[in-house]
Amino acid sequence: MASLPHHSKSLALITEDHAFITPAKLVKTMDDMQKWEKSEAYFEYLGFLFAINDSIKAVSNTKGSEKASLNINKFVSMLDTLSQWVDEIPPVQQPQRFGNASFKIWYGRLKEQAIELLKGVLPSELYRAIPEISVYLEEGFGNATRIDYGTGHELSFIMFLCSLYKIGYLIETDFSATACKVFVRYLNLVRKLQQTYRMEPAGSHGVWSLDDYQFVPFIWGSSQLMAHPKIEPPMFLKPDIVHTFSDDYMFLSCIKYINQVKTGPFAEHSNQLWSISAVSSWSKINSGLIKMYKAEVLSKFPLVQHIVFGSLFTLQPAERAASIRRPRLADYGGAAPASFKAPVQPEKDSKESHTVSENTVTS
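Residues numbered from 1 in each chain as written. Predicted model: local features only at pLDDT ≥ 70, side-chain atom pairs only at ≥ 80, totals over all residues. Heavy atoms only, no water.

Focus on the overall build of the chain
What counts is decided by this rule: Secondary structure elements are taken from DSSP: a helix is a run of H or I of four residues or more, a strand is a run of E of two residues or more, and numbering for both begins at the N terminus. Here's how the labels work: a residue is buried when its accessible area is under 20% of the maximum for its type, exposed when over 50%, partly exposed in between, all with a 1.4 Å probe on protein chains only. Working rule for contacts: check all heavy atoms of both residues, and any pair within 4.5 Å makes them a contact. Here the accessible surface of atoms and residues is derived via Shrake-Rupley with a 1.4 Å probe, and residues count as covered only by protein chains that are part of the display.
Secondary structure summary: the chain contains 16 helices and 4 strands in total. In the chain, which comprises 363 residues, the share counted as buried stands at 55%. The long-range share in the chain, meaning contacts at least 24 apart out of those at least 6 apart in sequence, stands at 80%. Of the accessible surface of the chain, which amounts to about 16,000 Å², a share of 52% is contributed by carbon and sulfur atoms.

Some words on the side chain of D174
Just so we agree on the cut-off: In this count, Lys and Arg are taken as positive residues and Asp and Glu as negative ones, while His and the chain termini are left out. Between Lys or Arg on one side and Asp or Glu on the other, a salt bridge is scored when a side-chain nitrogen of the former is within 4 Å of a carboxyl oxygen of the latter.
In this fold, D174 is placed in the loop between α7 (151-166) and α8 (175-196). The buried charged residue D174 lacks any salt bridge, with K181 as its nearest oppositely charged partner at 10 Å.

Points about the pattern of salt bridges
In the structure shown here, the tally under the stated rule is 10 salt bridges. Note that D87 and K192 form a salt bridge whose closest N and O atoms lie 3.0 Å from each other. With a gap of 105 residues between them, D87 in helix α4 (residues 70-88) and K192 in helix α8 connect regions that are remote in the sequence. Residue class for D87 comes out exposed when judged on its relative accessible area of 55%. Overall, K192 belongs to the partly exposed group, its relative accessible area being 24%.

With respect to the side chain of N100
Within the secondary structure layout, N100 lies in the loop between α4 and α5 (102-119). Residue contacts for N100: discarding those within four places in its chain leaves P91, V92, Q94, I147 and Y197.

Some thoughts on the packing of aromatic side chains
Put simply, the test is: Classification of ring pairs rests on two measures: the distance between centres of Phe, Tyr or Trp rings, Trp counted by its six-membered ring, which must be within 6.5 Å, and the angle between planes, read as stacked under 30 degrees, edge-to-face over 60 and tilted in between. Counting as a charge over the ring demands two things of the Lys NZ or Arg CZ atom: a distance within 6 Å of the ring centre and an angle within 35 degrees of the ring normal.
Summed over the entire model, instances satisfying the criterion amount to 26 aromatic pairs. Taken together, a centroid distance of 5.6 Å and an interplanar angle of 65° make the contact between F75 and F160 edge-to-face. With F75 in helix α4 and F160 in helix α7, this residue pair connects regions lying 85 residues apart in the sequence. Since its relative accessible area comes to 0%, F160 is described here as buried. Directly above the aromatic system of F313 lies the positively charged group of K166, at a separation of 4.8 Å from the ring centroid.

Let's talk about the environment of Q316
Following the sequence through the fold, Q316 ends up in the loop between β4 (308-309) and α16 (358-361). Owing to a relative accessible area of 39%, Q316 belongs among the partly exposed residues under this scheme.

As for the environment of K57
Along the polypeptide, K57 turns up in the loop between α2 (40-55) and α3 (61-65). Take K57: its relative accessible area is 41%, and that puts it in the partly exposed class. Each C-alpha atom, one on K57 and one on H228, is 9.8 Å from the other, the two residues being 171 residues apart in sequence. Setting aside anything within four residues of it in sequence, one finds K57 in contact with S223 and M226.

Description of the nonpolar core
The condition is simple: Among the buried residues, those of types Ala, Val, Leu, Ile, Met, Phe, Trp, Tyr and Cys that are joined through side-chain atoms within 4.5 Å form a nonpolar core.
Within the largest apolar cluster, 116 residues are counted, with the highest numbers of intra-cluster contacts made by W36, W106, F141, I167 and W220. With 12 residues, α8 is the single largest residue contributor to this core. Residues contacting W220, with those up to four places away along its chain left out, are L49, I52, N53, I56, I158, A179, F183 and M250.

Notes on unusual backbone geometry
Positive phi values are uncommon outside glycine, yet A58 reaches one of about 60°. The residue A58 is located in the loop between α2 and α3 in this model. The partly exposed category is assigned to A58, whose relative accessible area is 43%. Of note, R198 is a non-glycine position whose phi angle comes to about 50°, a positive value. Residue placement: R198 occurs in the loop between α8 and β3 (200-201).

Structural notes on the packing of α7 against α8
Just so we agree on the cut-off: Angular values range over 0 to 180 degrees, each being the angle between N-to-C directions of two axes fitted as lines to C-alpha atoms, with helices fitted over their stretch in contact. For classification, angles of less than 35 degrees are called roughly parallel, those exceeding 145 degrees roughly antiparallel, those between 65 and 115 degrees roughly perpendicular, and all remaining angles oblique. By definition, turning the near helix anticlockwise from the far helix through less than a right angle yields a left-handed crossing, and turning it clockwise yields a right-handed one. We call Asp, Glu, Lys and Arg charged. Ala, Val, Leu, Ile, Met, Phe, Trp, Tyr, Cys and Pro are nonpolar, and the rest, Gly among them, are polar.
Taken N-terminus to C-terminus, the directions of α7 and α8 make an angle of 140°; their axes are 12 Å apart at the nearest point. By the angle between their directions, the pair α7 and α8 is classed as oblique. Where α7 crosses over α8, the handedness of that crossing is right-handed. Counting all contacts with α7, which are made through H153, E154, F157, I158, L161 and Y165, the residues of α8 involved are F175, T178, V182, F183 and Y186. Considered class by class, the residues forming the contact of α7 with α8 number 8 nonpolar, 2 polar and 1 charged.

Some details on the environment of R185
Turning to its location among the elements, R185 is positioned in helix α8. Taking the C-alpha atoms as reference, R185 lies 6.8 Å from V76; in sequence the two are 109 residues apart. Among all residues touching R185, those that are not within four sequence positions of it are V76, L79 and D80.

Here we look at the confidence of the model for the chain
If pLDDT is low for a region, its predicted coordinates should not be looked at in detail. This is how the line gets drawn: Each residue carries a pLDDT score, the predictor's own confidence in it, on a scale running from 0 to 100.
On average, residues of the chain score 87 in pLDDT, and 83% of them are at 70 or above. Per-residue pLDDT stays below 50 along residues 1-8; that stretch engages in 16 contacts with residues further than four places along the chain or on separate chains. Across residues 321-353, where pLDDT falls below 50, the model places 74 contacts with residues more than four positions away in sequence or in other chains.

Okay, structure coming up:
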């Protein structure tokens, strides 16, 4: 296995003597939510979300993927392998309509082979990180007991992507391809899993949720559409626009998928998204969705209780007046790069449901 090359823009956070550990669930009561919302993990996760968001402003999937590195392409190939497994493990005939038991077989194979899959991608000097980062990968595709999938699983996969930067495998110039190539391929895979194995939405609020399964592709996808010369917010309701541009823009691919799996008027089955079409700009939609994500996903105990913490994502409190910061074990003398900066103090979101509208995005 080739050694990991040196990169001047590496965001690696580990030292040679870094001690990796198997992550565990640590948010066990409502009182622990305050620890989470003030933790290094919380701000590092948001910092990564913001960094990717900024890197793909006005960038299509094609443009963001055209200079994908070898390391990015290795992970795309790994996801292609997982997709091939779905073809090899067809759904079984069973009485119940949802939750096909064959997903348990697919997921069992993932659990059994995750370490070897990662060894096939990572250089040998990073093998010691695999027991820790593999947990985030395994948790990124759904729950094998309930046979469901939701934003918590999406979050776990994004933490896995972030961990690849923390260990130095991916670098800052990989930001756009991480979203436009790796994450897009991930979305294709989880949609295939959902459809093949009839997976239930995890924790869905039905018509009042943004989407049954995903959230982040709407955030990153709205960033992609900023300043688009043809596609303004009301136009994502037009079938011809969705058909023409869905392969190149995450937001529109999400709309296309919703139209494939749901019937009836869009305003009825996806009311939250329908209301977004009235917002005046993609930049307002983007900022509004981030606020909504923090309130409706990152602040919900039923989801956060399943997040696991190890040496890369810790519940240690983030330093006051720091930016989205490096882990406490980082061997850096200066501040984090600007691409990882974001305000440390979390917003005091209300307990009420947050929606994206012209009012909320300008508040």
